[in-house]
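# Coordinates in review
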Amino acid sequence: MREVEQDPRKDQYNEPNIQGLKLRDLRYADDTALLSTTNEGLHQLIHSVKEHSENKGLFLNIKKTKIVDTDRCKRTSDITVDGEKVECLENFEYLGSKIEGNGKCSNEITRRTAMAVGQLKKMEKIWKGQDKQS
């Protein structure tokens, strides 16, 4: 990603500005989310990442690459890499959290609450002393 930061196209990435800091990507292990405020900026950013990764022997899997347009987008992204169109989604999961294009999180809160309730119900017998294995 250092090469992407130093790429001559970096002024065209149009990264979001959050409290004075430009945020181009979120990374954890082998998961990366690329951020741009424009379709053209995202196109430049994806191609820059692809080129610099290939120079290091890493290859971008277009089938696993997804785009989520936010509700602020003026038009739907239409990005093609090596003749393959990158799929556009309304939401995606990143590091276990569902990211919605509209910026809302009510579905994520409902999902996590349901998971917690399910785990609590599994523990009910233990709390009531009815678990035969304890």
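Residues numbered from 1 in each chain as written. Predicted model: local features only at pLDDT ≥ 70, side-chain atom pairs only at ≥ 80, totals over all residues. Heavy atoms only, no water.

### Observations regarding helix α2 (residues 39-55)
Quick reminder: α-helices carry 3.6 residues per turn. Residues three or four places apart thus point the same way. Between its first and last C-alpha atoms α2 spans 25 Å; for 17 residues at 1.5 Å apiece the expected length is 24 Å, and the two agree. All of the buried residues in α2 are N39, G41, L42, L45, I46, H47, S48, V49, K50 and H52. Of the residues trailing α2, G57 is marked for its positive phi of about 85°. (Helix = DSSP H or I, 4+ residues; strand = E, 2+ residues; numbered from the N terminus. Expected span 1.5 Å × (residues − 1). Buried < 20%, exposed > 50% of the residue type's maximum accessible area, 1.4 Å probe, protein only.)

### Re the pairing of strand β10 (residues 97-100)
One ladder, built from four bridges, connects strand β9 (residues 91-94) with β10; its direction is antiparallel. Of the residues in β10, the one forming a bridge with E93 is K98. Connecting β9 to the next strand, β10, in antiparallel fashion are two residues, including L95 with a positive phi near 55°. (Pairing = 2+ DSSP bridges.)

### Some points on the pattern of salt bridges
Summed over the entire model, instances satisfying the criterion amount to 11 salt bridges. Taking the shortest distance from any N to any O, the salt bridge between D82 and K50 comes out at 3.1 Å. Of the two residues, D82 sits in the loop between β6 (80-81) and β7 (84-85) while K50 sits in helix α2, which places them 32 residues apart along the sequence. Classification of K50 as buried rests on a relative accessible area of 11%. Linking K66 and E87 is a salt bridge whose minimum nitrogen-to-oxygen distance equals 2.9 Å. Highlighted residues: K66 in strand β5 (residues 66-68) and E87 in strand β8 (residues 87-89), separated in sequence by 21 residues. Overall, the relative accessible area of 35% leaves K66 in the partly exposed class. Where salt bridges share partners, they join E15, R24, D25 and R27 into one cluster. (Salt bridge = Lys/Arg side-chain N within 4 Å of Asp/Glu carboxyl O.)

### Focus on the packing of aromatic side chains
Throughout the structure, instances matching the rule amount to one aromatic pair. Relative to Y94, the ring of F92 lies with its centre 6.4 Å away and its plane at 55°, an arrangement referred to as tilted. Residue Y94 is classed as buried on the basis of its relative accessible area, which comes to 12%. (Phe/Tyr/Trp six-rings, centres within 6.5 Å; stacked < 30°, edge-to-face > 60°.)

### Details of the side chain of R24
Within the fold, R24 resides in the loop between β2 (21-22) and β3 (25-28). A polar atom in the side chain of R24 sits 3.5 Å from the side chain of D25. (Polar contact = N/O pair within 3.5 Å; in protein donor to acceptor, adjacent residues only side chain to side chain.)

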